[in-house]
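These are the residues of each chain, in order.
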Amino acid sequence: MHECEPLSFQNTLSNSFRVLVINPGSTSTKIAVYQNDEPICEHTLYHSTEELARFGNVIEQKDWRREIILNKLATENIAIDTLSAVIGRGGLLRPVKSGVYKVNQKMIDELHCCTPQHASNLGAIIAAGIADACNINAYIADPIVVDERAEVAKICGVKEIHSRCIFHALNQKATARRYAEEIGEHYENMNLVVAHMGGGISVAAHEKGVVIDVNNALDGEGPIAPERAGTLPAGELVNLCFSGEYTLKQVNSMIVGKAGLVSLTGCNSVKELCDRAQAGDNQAEMAIDAMCYTTAKQIGAMATVLRGNVDAILITGGIANSKFIVEKVSSYCRYIAPIRVYPGENELMALAMNAMRVLRGQTQAQDY
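For the structure given in this document, a descriptive report is provided here. Values in this document were obtained by computation on a predicted structure and should not be read as measured data.

## A few points about the overall build of the protein
The number of helices and strands found in the protein is 12 helices and 11 strands. Oriented by its inertia axes, the alpha-carbon framework of the protein measures out at about 60 × 50 × 50 Å. The burial tally for the protein puts 50% of its 368 residues in the buried class. Pairs at least 24 apart in sequence give 68% of the contacts found in the protein among residues at least 6 apart. Summed over all atoms, the accessible surface of the protein reaches about 17,400 Å², with 51% contributed by carbon and sulfur. Across the protein, 33 positive and 41 negative side-chain charges occur, with their mean positions spaced 2 Å apart.

As structure tokens, this is what we get:
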């Protein structure tokens, strides 16, 4: 859906709710307006390199991006005083439990100061600015720093190294709940393995509504991904770091950014690589096979964490649009449990549904 459908204010009364969703990215801001469970407006607002170059850092963009959002809503006849709530994508906060969080000053202060700076940090800040103007609440839900792992899953074999939890919590949780609802079950009663396959790949063990283990999808753990190296041999990595041939920045880019399929083939387009593989390109085929193999291996590891008691395996994320990839991954692990596929990241919908759950009294927003 690309066009907004103006609705009367009367539709926001009674048991009807209208929610503005904000998902800032590095070069765009995705927004949507939901009336109950249906989107009435969805747009991607693109930001050029020249526009972004005017700002010294990400946080300085907050007022500019907020005005762009408000202008778009105005041109589509969506008045902010008809909103019931605003929800933004969660940023790189300190580790938190899963759930919906009301944006407060403490959260905003931390987002202004946290490192690394990332566009997702703007989600709560912009949401709060718009919500304050019309005296409603602003929320975030399931930010990428959700950490509810079992204590044993956090232990590393070197005491000076601490395991970080960064994964696609928002889409993972939303996909798991969606599957449970579709089969008439409660997410909190199920054991699921969820694999989110995008620029990074996270595979999580969901035990009775809690992610008890998951790989760090950002900086070097788990499957090979389009732009992530995945787990590397520690000794070889140490030797590379101390070879004197690379800077810290260069090594970091070998793990995130210029890693994974980019490193192996020079290309981060899974669609292009699949086409090349099917056309007989051995280099592309080996890289795709490695990504699917390591993803399936991680699914198997999470099944072990659940002691083999797995109700279903859910494959989601942008790469799940590829039947070629899904079949390759499934061929390794379909013996474990039934596999269901939910293509796309679905972040706007996931955020909207979390806000609706609060507005309907189905869950309570937590304090940060």
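Next comes the rest of the write-up.
## Brief notes about the sheet that holds strand β6 (residues 137-141)
Two orientations exist for strands paired in a sheet by backbone hydrogen bonds: parallel and antiparallel. Spatially, β3-β2-β1-β4-β6-β5 is the arrangement adopted by the six strands of the open sheet, whose pairing is mixed. Unpaired on one side and paired on the other, β3 (38-46) and β5 (100-102) mark the two borders of the sheet. Across the sheet, the axes of successive neighbouring strands diverge by a mean angle of 25°, strand direction being ignored.

## Side note on the pairing of strand β10 (residues 312-317)
Buried residues dominate β10, accounting for six of its six residues. Judged by which residues are buried, β10 turns out to be covered on both faces: Ala312, Leu314 and Thr316 on one side and Ile313, Ile315 and Gly317 on the other are all buried. Both strand β7 (residues 191-197) and β10 contribute to a ladder of five bridges, which runs parallel. The residue bridging Val193 from the neighbouring strand is Ile313, located in β10. Here β10 pairs with strand β11 (residues 339-343) via five bridges, running parallel. Opposite Gly317, over in β11, you have Pro343 as the bridge partner. A crossover connection joins β10 to the parallel β11 through helix α11 (residues 323-333); in handedness this β-α-β unit is right-handed.

## Brief notes about the packing of helix α2 (residues 62-75) against helix α4 (residues 122-133)
What describes two packed helices is the angle between their axes and the distance between those same axes. Interaxial distance between α2 and α4 falls to 10 Å at its minimum, and their mutual angle equals 60°. Looking at the two axes, α2 sits oblique to α4. Considering the relative orientation of α2 and α4, their crossing is right-handed. Here α2 contributes Lys62, Arg65, Arg66, Ile69 and Leu70 to the contact with α4, which in turn contributes Leu122, Ile125, Ile126, Gly129 and Ile130.

## Quick notes on the layout of surface pockets
The volume enclosed by the largest pocket comes to roughly 1,100 Å³. Residue lining of the largest pocket: 39 residues in total, with Arg89, His118, Ile144, Leu218 and Arg228 positioned closest to the centre. Mapped onto the lining of the largest pocket, the elements with two or more residues apiece are β1 (18-24), β2 (28-35) and α5 (169-182). Split by residue class, the lining of the largest pocket holds 15 nonpolar, 14 polar and 10 charged. One number sums up the size of the second largest pocket: a volume of about 810 Å³. Lining of the second largest pocket is provided by 23 residues; of these, Ile161, Asp219, Gly220, Glu221 and Leu237 occupy positions nearest its centre. Within the residue set of the lining of the second largest pocket, elements represented by two or more residues are α6 (234-241) and α7 (248-255). Ranked by the residues each element gives to the lining of the second largest pocket, the list is headed by α6, at four residues. Split by residue class, the lining of the second largest pocket holds 12 nonpolar, eight polar and three charged.

## Considering the environment of Ala350
Locating Ala350 in the fold gives a position in helix α12 (residues 347-359). A C-alpha to C-alpha distance of 8.6 Å links Ala350 and Lys173, two positions 177 residues apart in sequence.

## Some thoughts on the pattern of salt bridges
All chains considered together, the criterion is met by 15 salt bridges. Ionic pairing is found between Arg178 and Glu182, a salt bridge with its closest N-O pair at 3.3 Å. Taken together, the residues span about one helical turn, with Arg178 and Glu182 both in helix α5 at a distance of four residues. Glu182 gets classed as partly exposed once you look at its relative accessible area, which sits at 40%. For Lys271, the salt bridge identified is with Asp275, shortest N-O distance 3.3 Å.

## Observations regarding the nonpolar core
Ranked by size, the top nonpolar core spans 54 residues in total, and within it Leu20, Ile22, Ile69, Val86, Val103, Met107 and Leu192 carry the most contacts. In terms of residue count, the dominant contributor to this core is α4 (eight residues). Apart from residues no more than four positions distant in its own chain, Leu192 is found in contact with Ala176, Tyr179, Tyr187, Ala204, Ala205, His206, Leu306, Asp311, Ala312 and Leu314.

## Focus on the packing of aromatic side chains
Under the criterion given, the structure shown has three aromatic pairs. A ring pair is formed by Phe55 and Trp64, whose centres lie 5.3 Å apart and whose planes are at 40°; its orientation type is tilted. Residue Trp64 is classed as buried on the basis of its relative accessible area of 17%. Seen from their ring centres, Tyr101 and Tyr368 are 6.5 Å apart, and the 80° between their planes marks the pair as edge-to-face. In this pair, Tyr101 sits in strand β5 while Tyr368 sits in the segment after α12, placing the two residues 267 residues apart along the sequence. Judged on exposure class, the residue Tyr101 and its partner Tyr368 are both buried. If you follow Arg94 out to its NZ or CZ, it ends over the ring of Tyr368, 4.1 Å from the centre.

Rules used in this analysis
- Residues numbered from 1 in each chain as written.
- Predicted model: local features only at pLDDT ≥ 70, side-chain atom pairs only at ≥ 80, totals over all residues.
- Heavy atoms only, no water.
- Helix = DSSP H or I, 4+ residues; strand = E, 2+ residues; numbered from the N terminus.
- Buried < 20%, exposed > 50% of the residue type's maximum accessible area, 1.4 Å probe, protein only.
- Contact = heavy atoms within 4.5 Å.
- Areas by Shrake-Rupley, 256 points an atom, 1.4 Å probe, with all protein chains shown as cover.
- Lys, Arg positive; Asp, Glu negative; His and termini not counted.
- Charge placed at Lys NZ, Arg CZ, Asp CG, Glu CD.
- Pairing = 2+ DSSP bridges.
- Axes fitted to C-alpha atoms, helices over the stretch in contact; angles between N-to-C directions.
- Right-handed = clockwise from strand over helix to strand, strands pointing away.
- Parallel < 35°, antiparallel > 145°, perpendicular 65-115°, else oblique.
- Left-handed = near helix turned anticlockwise from the far one by under 90°.
- 1 Å grid on protein atoms, 1.4 Å probe; cavity = no way out; pocket = protein on both sides within 12 Å on 5 of 7 lines; lining within 4 Å.
- Points joined across faces, edges and corners; volume = space filled by probe spheres on them.
- Nonpolar A, V, L, I, M, F, W, Y, C, P; charged D, E, K, R; others polar.
- Salt bridge = Lys/Arg side-chain N within 4 Å of Asp/Glu carboxyl O.
- Core = buried A, V, L, I, M, F, W, Y, C linked by side-chain atoms within 4.5 Å.
- Phe/Tyr/Trp six-rings, centres within 6.5 Å; stacked < 30°, edge-to-face > 60°.
- Lys NZ or Arg CZ within 6 Å of the ring centre and 35° of its normal.

Just geometry here; none of it tells us what the structure is for.
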